[in-house]
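Coordinate analysis (summary)
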Amino acid sequence: MKLKLLILASTISLSVSAQNKIQVTAHRGDWRNAPENSLRAFQYAAQMGVDIVELDLKKTKDGVVVIMHDGTIDRTTNGKGKPADYTFDEIRKFGLRNGIGRVTQNQIPTLKEVMLALKGTGVKVNLDKSYDYYPEAFAVLKETGTIKQAIFKSEVPYADLKARYSNLIDSIIYMPVVNLDKPEAKQVIVDYLKNMKPYAFELIFTKDTSAVLKDNKFITQTGSKVWINSLWASLNGGHDDDTAVEDDNKKDSWDWIIAHGATIIQTDRPLLMLEYLRKKHLHK
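Okay, so let's go over this structure. On a predicted model such as this, the values are computed, not experimentally measured, just so you know. Chains are numbered independently. Their residues run from 1 in the order of the written sequence. Selection of residues for local features in this predicted model requires a pLDDT of at least 70, selection of side-chain atom pairs for listing and counting requires 80 or more, and totals for whole chains, interfaces and linings are taken over all residues. Values shown for side chains rest on all heavy atoms present in the structure; no hydrogens or waters enter the calculation.

**Considering the packing of aromatic side chains**
In this scheme Phe, Tyr and Trp rings, the latter by its six-membered ring, pair at centre separations within 6.5 Å, and the angle between planes marks the pair as stacked below 30 degrees, edge-to-face above 60, and tilted otherwise. Evaluated as defined, the whole model comprises 10 aromatic pairs. Seen from their ring centres, Y131 and Y134 are 5.4 Å apart, and the 85° between their planes marks the pair as edge-to-face. In this pair, the class of Y131 matches that of Y134, namely buried. By the ring-pair criterion, three or more aromatic residues cluster together here, those being Y131, Y134, F152 and Y165. One cation-aromatic arrangement involves K153 over W227; the distance from NZ or CZ to the ring centre is 5.4 Å. Geometrically, a lysine NZ or arginine CZ counts as sitting over a ring once it is within 6 Å of the ring centre and also within 35 degrees of the ring normal. Here K186 stacks its cationic end above the ring of F218, 4.7 Å away from the centre of that ring. Partly exposed residues are those whose accessible area sits between 20% and 50% of the maximum for their type, while under 20% is buried and over 50% is exposed, using a 1.4 Å probe and protein chains only.

Laid out in structure tokens, this is it:
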């Protein structure tokens, strides 16, 4: 009997420990050490031990899905114009700029290249700015055998998602982005939970007064995760990376985010975030 109790206690302890772990998402990869949204930035992030990398999708003139945040390539490369202005062969002639603006040998990568590079690593890929490209992105994931490694996302309510992509939503890992500043925010979450099991809910807010932040167990008790961004103060009511690192104030930044139920944190400081969480035994 004592042995059974010890085994049960051990199982419970492991379960609680697993639940308390927080996943880390590297925003545009490790862009402090490689150009943002470059293949190298994602590989560096994976090597440091992040759980997820975030990237942004665009399409070339000939329909190749590439990684680019902005509407144009002006800021991040030595080229000009929209990705859709160029064929894939043409756009590969441009070099990505690093953090100080210097042009490098890094090329604009394709989604296929990223998925193949991270395949089997256990690192998931968050497909931001992808709503218009779901079918094309899904085709890449199917081709590369990485459907279970990618997270689709959008800011639309469930009804809109179903109306546009009813043929896909049962085949993908999906995460709604919910603006907590809007009065209908909780209802948007509830509607999703009634109709599907999202991987997580990305909660964004300029004000930190939402009731969802005070109690979001109605999300996590379903198995879905709570994603809170620590980058950019405008996404988290001022509880951001710069407060944590530059002001050395973890209490009002990373600790605040953890205390308000985050089980995934997207950061511009992935290495420092990993070190911090590991010291608190909150990361594997």
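**Observations concerning the layout of surface pockets**
Looking at the largest pocket, its volume works out to about 380 Å³. When contributions to the lining of the largest pocket are tallied by element, the ones reaching two or more residues are β2 (52–59), β5 (150–154) and β7 (200–204). Classification used: nonpolar for Ala, Val, Leu, Ile, Met, Phe, Trp, Tyr, Cys and Pro, charged for Asp, Glu, Lys and Arg, polar for all others including Gly. Taken together, the residues of the lining of the largest pocket sort by class into 6 nonpolar, 6 polar and 8 charged. Space inside and on the surface of the protein is sampled on a 1 Å grid over the protein atoms alone, with a cavity defined as a set of points where a 1.4 Å probe fits but cannot get out and a pocket as an open set with protein on both sides within 12 Å along at least 5 of 7 lines; lining residues have an atom within 4 Å of a point. Grid points are joined across faces, edges and corners, and a volume is the space filled by probe spheres set on the points. Helix and strand labels come from DSSP, where a helix needs a run of H or I of at least four residues and a strand needs a run of E of at least two; each type is numbered from the N terminus.

**Points about the nonpolar core**
Buried Ala, Val, Leu, Ile, Met, Phe, Trp, Tyr and Cys residues that are joined via side-chain atoms within 4.5 Å together make up what is termed a nonpolar core. Judged by nonpolar contacts, the single largest core of 64 residues is most densely connected at L111, L127 and L161. Counting residues per element, this core draws most heavily on helix α5 (residues 134–144), at 5 residues. Not counting chain neighbours up to four residues away, the residues in contact with L111 comprise L55, L57, V65, V66, I67, L127, A137 and V140. Within the second largest apolar cluster, 9 residues are counted, among which are V66, M68, Y86 and I108. Contact criterion: two residues are considered in contact whenever any of their non-hydrogen atoms come within 4.5 Å of each other.

**Remarks on the packing of helix α2 (residues 39–48) against helix α4 (residues 111–118)**
Here, axes are lines fitted to C-alpha atoms. For helices the fit covers the stretch in contact, and angles between N-to-C directions go from 0 to 180 degrees. Closest axis-to-axis distance for the α2/α4 pair is 10 Å, and the angle between their directions is 25°. In this view, α2 runs roughly parallel relative to α4, as classed from their interaxial angle. Relative to α4, the crossing made by α2 is right-handed. Facing L39, F42, Q43 and A46 of α2, the residues of α4 in contact are E113, V114, A117 and L118. Taken together, the residues of the contact of α2 with α4 sort by class into 6 nonpolar, 1 polar and 1 charged. Comment on the angle field: the value is read as roughly parallel under 35 degrees, roughly antiparallel over 145, roughly perpendicular from 65 to 115, and oblique elsewhere. Left-handed describes a crossing whose near helix is turned anticlockwise from the far helix through less than a right angle; right-handed describes the clockwise counterpart.

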